[in-house]
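# Chain and residue survey
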Amino acid sequence: MSRSEDLRLIALAEFASAGYAATSLQRIADLAGASKASVLYHYDSKEQLLEAALAPALDDLSALIDATAASGLDLAHRAAFVERFVDYLLEHRQVVHLVINQGATLEDVPVMQSALVQMRRVADLFDLAAGSPVERLRYGIALGGAAYCLAAARQLDVVEEEPEILRAGLLAVISELLLPIADPAR
């Protein structure tokens, strides 16, 4: 792993756990076993480091949204979207945590503005799948609730020891909210 990538991952973990405002470049340097000058060699500022930390997750979310918008969220595509969204949340849980817990306080930072735009785009997908306000609310609760549970995993005592169990649980709960249940009478 390159020094730049190492710094990016350390910064992401620290921004997510301690908070962006409470994390200094010196703290990131200390955690990386590097000097502050080394951090500044790779990233011109803490804001640039935040941008680098969030960029892969924002790119992945944008690609997921674009693919979903192209195929739609009708019943035939809904299960695939739910699975891809759960995988996204699990892969990028530190970014999800950071955006959910600090998005409002960092809304003046350009990369966080981009993250909030992506969240709006996810919400706009609900309009593709749901005609009524109740259905849009159902999507918001299912997807936003899953993201929040992962962001607040420690506070909610969500078991994280077995990732496949967590993934299966998220898929089951979100699917129960968003996918039609087969009528046993049929």
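Preceding this paragraph is the structure being described.
To keep things clear, this report deals only with the structure shown in the data block. Predicted model, so just to flag it, every value in this text is computed and none were measured.

What follows concerns the packing of aromatic side chains. A complete count under the given rule lists three aromatic pairs for this structure. Here the aromatic residues F81, F85 and Y88 are joined through ring pairs into a cluster of three or more.

With that settled, consider the environment of N101. Take N101: it is sitting in helix α6 (residues 93–102). The partly exposed category is assigned to N101, whose relative accessible area is 39%. Each C-alpha atom of the pair N101 and A63 lies 23 Å from the other, and the pair is 38 residues apart in sequence.

Taken as a whole and judged by the stated rule, the model has seven salt bridges. One salt bridge in this structure joins D124 and R120, with 2.7 Å as the shortest N-O distance. With D124 and R120 both in helix α7 (residues 110–129) and four residues apart, the pair spans about one turn of that helix. If you follow the salt bridges from partner to partner, you end up with E83, D87 and R167 in one network.

Before going further, it helps to examine a negative patch on the surface. A surface patch of negative charge is lined by E47, E51, E107 and D108. Inspection of the secondary structure assignment puts E107 in the loop between α6 and α7.

The rules behind the values
Residues numbered from 1 in each chain as written. Predicted model: local features only at pLDDT ≥ 70, side-chain atom pairs only at ≥ 80, totals over all residues. Heavy atoms only, no water. Phe/Tyr/Trp six-rings, centres within 6.5 Å; stacked < 30°, edge-to-face > 60°. Helix = DSSP H or I, 4+ residues; strand = E, 2+ residues; numbered from the N terminus. Buried < 20%, exposed > 50% of the residue type's maximum accessible area, 1.4 Å probe, protein only. Salt bridge = Lys/Arg side-chain N within 4 Å of Asp/Glu carboxyl O. Patch = residues over 30% accessible without salt bridge, like charges linked within 9 Å, V, L, I, M, F, W, Y side chains within 5 Å. Areas by Shrake-Rupley, 256 points an atom, 1.4 Å probe, with all protein chains shown as cover. Lys, Arg positive; Asp, Glu negative; His and termini not counted. Charge placed at Lys NZ, Arg CZ, Asp CG, Glu CD.

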